[in-house]
Amino acid sequence: MPKPLNSDAVSLWHNACIATCDERMRVIEKGALAVRNGRIAWLGAVGEEPADLRRANLERHDLQGMWMTPGLIDCHTHLVFAGTRAREYAERLRGATYAQIAARGGGILTTMRATRQASLEELVDYAAPRLAALLGEGVTTIEIKSGYGLTLADEAKMLRAARRLGERFPVTVKTTLLAAHTLPPEFASRPDDYIDTIACEWLPALHAEGLVDAVDIFCEKIAFDTRQAERLFDAALGLRIPIKMHAEQLSNIGGTRLAASRGALSCDHLEYAQAAEAQALADAGTVAVLLPVAFYGLADTHLPPIAALRSAGAAIAVATDCNPGSAPGASLQLAMSMATRLFALTQEEALAGVTRHAARALGLCGKCGMLAPGLAADFALWDIESIEELGYWSGFNPCHAVVRAGALVHGALPRGDASN
Ligand code: DI6
Ligand code: FE
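Given the structure is predicted, the values throughout are model-derived calculations rather than measurements. (Residues numbered from 1 in each chain as written. Chains lettered and ligands numbered in written order. Predicted model: local features only at pLDDT ≥ 70, side-chain atom pairs only at ≥ 80, totals over all residues. Heavy atoms only, no water.)

Concerning the coordination of the iron ion (ligand 2)
Moving on, step 1. With distances of 2.1 to 2.3 Å, the protein atoms coordinating the iron ion (ligand 2) are His76 (NE2), His78 (NE2), His246 (NE2) and Asp321 (OD).
Moving on, step 2. Every donor counted, the 4 donor atoms about the iron ion (ligand 2) form angles of 80 to 165° at the centre, which fits irregular coordination.
Moving on, step 3. Within one chain, the residues serving as donors to the iron ion (ligand 2) are arranged as H-x1-H-x167-H-x74-D. Placement of histidine 78 in the loop between β6 (72-74) and α1 (86-93) and of aspartate 321 in the loop between β13 (316-318) and α12 (332-341) is noted, with a sequence separation of 243 residues between them. Side by side, histidine 78 and aspartate 321 carry an identical accessibility label, which is buried. (Donors = N, O, S within 2.8 Å, 3.2 Å for Na, K, Ca; no water. Tetrahedral: all angles 85-135°; square planar, octahedral: opposite > 155°, others 65-115°. Helix = DSSP H or I, 4+ residues; strand = E, 2+ residues; numbered from the N terminus. Buried < 20%, exposed > 50% of the residue type's maximum accessible area, 1.4 Å probe, protein only.)

Shown next, in the form of structure tokens:
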């Protein structure tokens, strides 16, 4: 006999093909899901609902065979920025490299100058359409990094803009301090001083304001080295703030091994990581976040060690890396498509990468990213015939509706649903 639910269960979403995205990637073909107080109270096959769910006064939604997945999670974005780098893209199309443009003071510094000029409200306005596009694709949780302010005031402005987006949109926003993105002109030739300033002054101040959910660093030949990363990680971990790293994107300087040894939530990019590093990630439980849109945007050819990650049993997530330089765009479905086509992930791996594993990359394990009792009732409804259509379409979005904490926040319920 199924266990009865508390009588305050409020809604039942039934007749859906439910892709749970749990550890077994279980699919319930004719499924139903009950929501109580914004959380999943029960899910299972239609007809097997606990007795109190069959009561007539429940709010019922007939999903008419639609597919349901957890709300998607974009676990690596630089969504808040001003301006574009379309002119630099044109230069790169003519042969200039990302590193060359960075070396002459363009790249991230171009966006820093535009972002410093913008007000907080302007930053929110610029990011809003990008977030709306992601929400329309089924995204209910997103990470947003700072990293284009590079002064205390401007990094704070970016993080506050990210928080405000989380208040204005029905999307959960996790903030990441990425002040260690590149060396700002104020600290020219003084990278150690810059890292010390972030570690000793900016991080404690921003943390005291509740603006920092995680700390990230661009560990790369053109940015910061592992010694500097270690210094910053010590400061973050001392404040009990989780850490992340942009690691081995353009070269291999040992960032992944350091981040894994410090228990980082995730290492992101990883094009130049090797098999031993894949194993280190798996052993540490650090999520490997793949960013195929940046790989595509930079016309990169050096593939991340997918087979090694897979055989080591590392958790693999997929994200947009939405940023004005290497990955202009705001489509997680496109990132899934590229993860399968360019990186040879299976479609199931790509789906787990934007749900369960992405949740873990944000420290949200057990809160969202799966459809299971007790987790947030965040889910997307899809006009698709088979689950393989997710990450199959590019430039076409089959998302029908988005539900967050049990409430419809985007799209409409299927026509003919009596409860509409
Ligand atoms: N790697 C990236 O993909 C972004 N940051 C980073 O360290 C790119 C940021 C940019 O080019 O604006
Ligand atoms: Fe990035």
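We are not done yet, so read on.
Concerning helix α3 (residues 108-117)
Moving on, step 1. Within α3, burial applies to Ile108, Leu109, Thr111, Met112 and Thr115. Projected down its long axis, α3 shows its buried positions confined to an angular sector of 155°, all on one face.
Moving on, step 2. Next to the buried residues of α3 lie α2 (98-103), α4 (120-136), α5 (152-168) and β9 (214-219). (Arc of directions from axis to C-beta. Contact = heavy atoms within 4.5 Å.)

A short note on the packing of helix α6 (residues 191-208) against helix α7 (residues 226-238)
Moving on, step 1. Orientation of α6 relative to α7, taken along the N-to-C sense of each, is 10°, at an axis distance of 9 Å. One element, α6, and the other, α7, form an angle in the roughly parallel class. Where α6 abuts α7, its residues Pro191, Asp192, Ile195, Asp196, Ile198, Ala199, Cys200 and Leu203 lie against Arg227, Gln228, Arg231, Leu232, Ala235 and Ala236.
Moving on, step 2. Within the contact of α6 with α7, the residues separate by chemical class into 9 nonpolar, 1 polar and 4 charged. (Axes fitted to C-alpha atoms, helices over the stretch in contact; angles between N-to-C directions. Parallel < 35°, antiparallel > 145°, perpendicular 65-115°, else oblique. Nonpolar A, V, L, I, M, F, W, Y, C, P; charged D, E, K, R; others polar.)

Observations concerning the site of ligand 1
Moving on, step 1. What surrounds ligand 1 is a group of 14 residues, the closest being Arg85, Tyr98, Tyr148, His181 and Asp321.
Moving on, step 2. With respect to ligand 1, the side chain of glutamine 249 contributes an N or O atom lying 3.1 Å from a nitrogen atom.
Moving on, step 3. Note that an oxygen atom of ligand 1 is positioned 3.1 Å from one of the side-chain N or O atoms of histidine 269.
Moving on, step 4. For ligand 1, whose unbound accessible area comes to 320 Å², protein coverage reaches 100%. (Near = heavy atom within 4 Å. Polar contact = N/O pair within 3.5 Å; in protein donor to acceptor, adjacent residues only side chain to side chain. Areas by Shrake-Rupley, 256 points an atom, 1.4 Å probe, with all protein chains shown as cover.)

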